[in-house]
Amino acid sequence: MLDLFEYITSDTPILTPNRRLAAVFIKKYNAWQMQAGKTSWVSLDILPMTSWVKRLWLDVTLQTFTPAPVLLSPEAEQIIWETILRQWPDNKNLLQITRTAELARAAWGILKQWQVDFNNPELLTTEDGNVFQHWAAEFTKICREHNYLDTNSIAESVTANIINGICVPPKHIILAGFTEIIPTHQALLRACEQSQTQITVHKPERPSNTVRRISLADEDTEIYSMARWAKNLYEQNAHAMIGCVVPNLENLRSRVIEIFSEVFAANHQYVLDPTLLPFNISAGKSLALYPLIHLALQLLKFPKKNIPIDIINNVVCSPFIGGADSEQFARAKLITKLQEDNVVSMSLAELINSDRLQSCPLLRARLQTIAKTTIQQNKQLVSHWVNHFMERLNDFGWPGERNLNSPEYQTGETWLKLLAGFTQFENLLGAVSYTDALHFLVYLTTAQIYQPESPETTVQILGALEAAEIPFDHLWVMGLDDSNWPQAPRPNPFIPQKLQRLLNMPHATAERELTFTQQLTMQLRQSASNVIFSHANLLEDLPLRPSPIIMDIPEIAVTELELAAFTPAALQVFAARAVEKIQDETAPPIAVDEKPKGGSSIFKNQSLCPFKAFAESRLRAQKLEQVTLGLRPNQRGNILHKAMELIWSELKDQPALLTTPEAELENLVQRSVDLAIEEKAASKSVSNKYYLKLEAARLQKIIGEWLLLEKARPYFKIKSLEEKRSTTFCNIPINVIADRIDELADGEQIIIDYKSGKNLSSANWFGERPEEPQLPLYCVLEPEHTAGIVFARVSPMKMSWEGVSAVPLDINGVKAIEEKGITWSQQITEWQQTLGQLAADFFNGKASVDPKEGEQTCQYCHLQSLCRVNEVSVI
């Protein structure tokens, strides 16, 4: 490259395939001048080919007196194509108009670049090509009527101007770094040559280099290894140009940034200021994906009816809504309550009028303002809608009350500029509805690739096309497995494949992809003195092999590379630990005015794990429920309990069950189930009437089968249903509710607990740490009247009774306690002692992390991050 600077002049353009390579040339040239001791110099004319062609076109338009065509931006072209497709009569049922318009615009660009007239009869050989030809004719008509020029027609126009002598090309042109040149640019360069322009292809001297390849376990291991390799080289020489090439960078961008940040920040001051990390990633991401902008678009689309819970969550919890800091805890509780109630969606009016919103007056005031505003249904110019968009965002208090950090501020400024620039499309769009204006704004925001500014660095992460011909000192290219390199062909659906194959159009065939990838690989192999190619051995569970293109490269083991030492942050903290053991397993005893939460669940949790009882009943630690589209298991259980309560409230006893006509009994079950669903489900979270009808039918069938077991029992009558009692047991105030208490023929009582799950056993009532102490607790509270405790398993998987009693009850599954070799009074005494000990432990603050069955107990517990049970064995 330096030899090029020796003889080049400022009036000789150096053309590159992309901006990144042009920027590298400029940087190298400036460094070369400074090394020569100069403090000022004439800049060279180094720019991408497309920018140079556009400059030639602008030069001609400025020299003529006739009205110059209006040059369309890519976004403007997309709007025209989409407008054509929206108005086309045969496209009424087309589902993805925007995506189809993108493919049509791409097809137009390929045809222009490959110098194929859209009237080419070959297009008529396919149905898609036929309809595209009509769209292209309409696009051409619009451009002609409004004097528009699309970007893919610029080269053709400039070529004609050169041939006609209107445009005079430079005397000398240098081409640098091209893997291939599209036909329209080839034609333009030939026209330049015919006008006596000298065209030189710059081929830099390639110093001898070392090229090696390695295989690594998986994609993450590849990225970690590449990051450690780059960090090691950077620490050895901070001025060395280090390239890290990721062919699939647009999809891996987030993961690459995460890993490189973790590696480069390890054991370094960068961890205090991530903006100082000495690497730069070239691929930005869609502006619409940045949280600040994503929320703004959601607010502009915010509906008044049927607002999904995920949108409510985003708005309520976002820091970019007015009052977010002042009400952050109240808003978090609001979302917790909505998720507890399994609210799938609700209207804006329901949300505003909800008791849940009383604790968030600032949010309620903003939502009330939104509810009062009406979106005009008539069509308006874009400038009108832009003002309306800003007013709507202001009503929400966007972008929030806290100061934005630098990346957020840059992102917001970029989007506001885009919003202001949206008005330039008024001539294209004319008067449009709010919905259409918002649709095109979303498209423009999504199409804009954006990345906040970052300091210039020597470690560059970039895609394969960007890296070609850039002179690095060290280069690592990852992802070169047989499934990814070369890529599979992706022919455009609107151009017949026969035509694409004939003209060797991009992505048309596997052969073309192979040839292009071979050329690109050769460029990358020669781009640095130290080159490493890598591939993963596994993609999830799919085995991978190295690409055949790199099989001739000598393979080495990763251990032969010098990689920077790296320990994940969590392991660094752990390794630096100075363990000070404090046996802090006892909480303060329960105060006189303290009211623990939980009732009988206190005893269950204390038995399962003392810390669980302490955290849930005294710290009120609770799981954040996930919203489901249907009924949760506990809702199904509540409906079953309510339906059974309604049924037995009417029947009263077994004789009534036996004597009630079958049709009447079925009617009773149906009415009870419908009322239970109405009370326990429909009014809260599940509004789909068809789903609830299916649930009602399912439950009616289950209860019908269960009543057959009730008929087969000896005589009983209902003593109480869902009876709630408040009492104190061993200083623990508790509320207990017995699902049902039956009185038998001899006057004795049994306590019944309905269970709809399949994983339960009466064995969980016994031992020093009973996992199901609820029924034993009821029994202990009224020992003189209780003759047995029973699980009623009402489940489609299995219908059965399971329990123990003082004497045989002739109920299948209920066993007399004497079979355990103990009397009923002895068992009650044992339960009194066991439950009393659990109550005493809870009252006195015993809160040790001691799961009864180890990992099995912890498997479904939500407190693991709080109790840190997994660290107990490690320390």
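Given the structure is predicted, the values throughout are model-derived calculations rather than measurements. (Residues numbered from 1 in each chain as written. Predicted model: local features only at pLDDT ≥ 70, side-chain atom pairs only at ≥ 80, totals over all residues. Heavy atoms only, no water.)

A. Broad picture of the pairing of strand E15 (residues 474-477). Burial of E15 is two-sided: the residues His474 and Trp476 facing one way and the residues Leu475 and Val477 facing the other way are all buried. Judged from the 4 bridges that link them, strand E8 (residues 242-245) and E15 form a sheet pairing that is parallel. Note on E15: the bridge partner recorded for Ile242 is His474. Inspection of the sheet shows E15 paired to strand E16 (residues 530-536) by 4 bridges, in the parallel sense. Looking at the pairing, Val477 lines up with Phe533 of E16. (Buried < 20%, exposed > 50% of the residue type's maximum accessible area, 1.4 Å probe, protein only. Helix = DSSP H or I, 4+ residues; strand = E, 2+ residues; numbered from the N terminus. Pairing = 2+ DSSP bridges.)

B. Quick peek at the nonpolar core. Phe132, Phe389, Trp415 and Phe422 are the most contacted members of the largest nonpolar core, which totals 87 residues. What Trp415 contacts, discounting residues up to four positions off in sequence, is Leu287, Ile293, Ala296, Leu297, Leu300, Leu393, Trp398, Leu441 and Thr445. Leu631, Leu657, Ala676 and Tyr754 belong to the second-largest nonpolar core, a separate cluster that totals 38 residues. (Core = buried A, V, L, I, M, F, W, Y, C linked by side-chain atoms within 4.5 Å. Contact = heavy atoms within 4.5 Å.)

C. Region of the structure containing helix H5 (residues 97-113). Under the 1.5 Å per step criterion, the end-to-end length of H5 is 24 Å for 17 residues, consistent within 8% with the ideal 24 Å. Along H5, the residues classified as buried are Ile97, Thr98, Thr100, Ala101, Ala104, Ala107, Trp108, Gly109, Ile110 and Leu111. Its buried side turned inward, H5 meets helix H4 (74-87), helix H6 (127-146) and helix H19 (434-447). Trailing H5 by a residue or two, Gln115 shows a phi angle of about 60°, which is positive. (Expected span 1.5 Å × (residues − 1).)

D. Quick look at the pattern of salt bridges. Applying the stated criterion to the full structure yields 34 salt bridges. The partner of Arg86 in a salt bridge is Glu82, with the nearest N and O atoms 3.3 Å apart. Placement of both Arg86 and Glu82 in helix H4 is noted, with a separation of 4 residues, approximately one turn of the helix. Judged by its relative accessible area of 37%, Arg86 falls in the partly exposed class. Close ionic contact of Glu594 with Arg618 constitutes a salt bridge, the shortest N to O distance being 2.8 Å. With Glu594 in the loop between helix H23 (569-575) and helix H24 (601-608) and Arg618 in the loop between helix H25 (610-617) and helix H26 (633-651), the pair connects residues that are 24 residues apart, well separated along the chain. Glu594 sits in the partly exposed class, given a relative accessible area of 23%. Residue classification places Arg618 among the buried positions, given a relative accessible area of 17%. (Salt bridge = Lys/Arg side-chain N within 4 Å of Asp/Glu carboxyl O.)

E. Looking closely at the sheet that holds strand E2 (residues 46-48). Sheet architecture is open: 4 strands sit in the order E2-E1-E5-E6, paired in parallel fashion. Looking at the sheet topology across the chains shown, the edges are occupied by E2 and strand E6 (198-202). Taking the axes of each pair of neighbouring strands and ignoring which way they run, one obtains an average angle of 30° across the sheet. Where strand E1 (residues 14-16) lies against E2, 3 bridges are found, and the strand directions are parallel. For Leu15, the partnering residue across the bridge sits in E2 and is Leu47. (Axes fitted to C-alpha atoms, helices over the stretch in contact; angles between N-to-C directions.)

F. Looking closely at the packing of helix H12 (residues 309-317) against helix H13 (residues 328-340). Here H12 crosses H13 at 165°, and the two axes come no closer than 9 Å. As summarised for this structure, H12 and H13 are arranged roughly antiparallel, according to the angle between their axes. At the point where H12 passes H13, the crossing takes the left-handed sense. Between H12, through Ile309, Ile312, Asn313, Val316 and Cys317, and H13, the contact on the second element is made entirely by Arg331, Leu334, Ile335, Leu338 and Gln339. Taken together, the residues of the contact of H12 with H13 sort by class into 7 nonpolar, 2 polar and 1 charged. (Parallel < 35°, antiparallel > 145°, perpendicular 65-115°, else oblique. Left-handed = near helix turned anticlockwise from the far one by under 90°. Nonpolar A, V, L, I, M, F, W, Y, C, P; charged D, E, K, R; others polar.)

Read these as layout, nothing more, since geometry by itself doesn't imply function.
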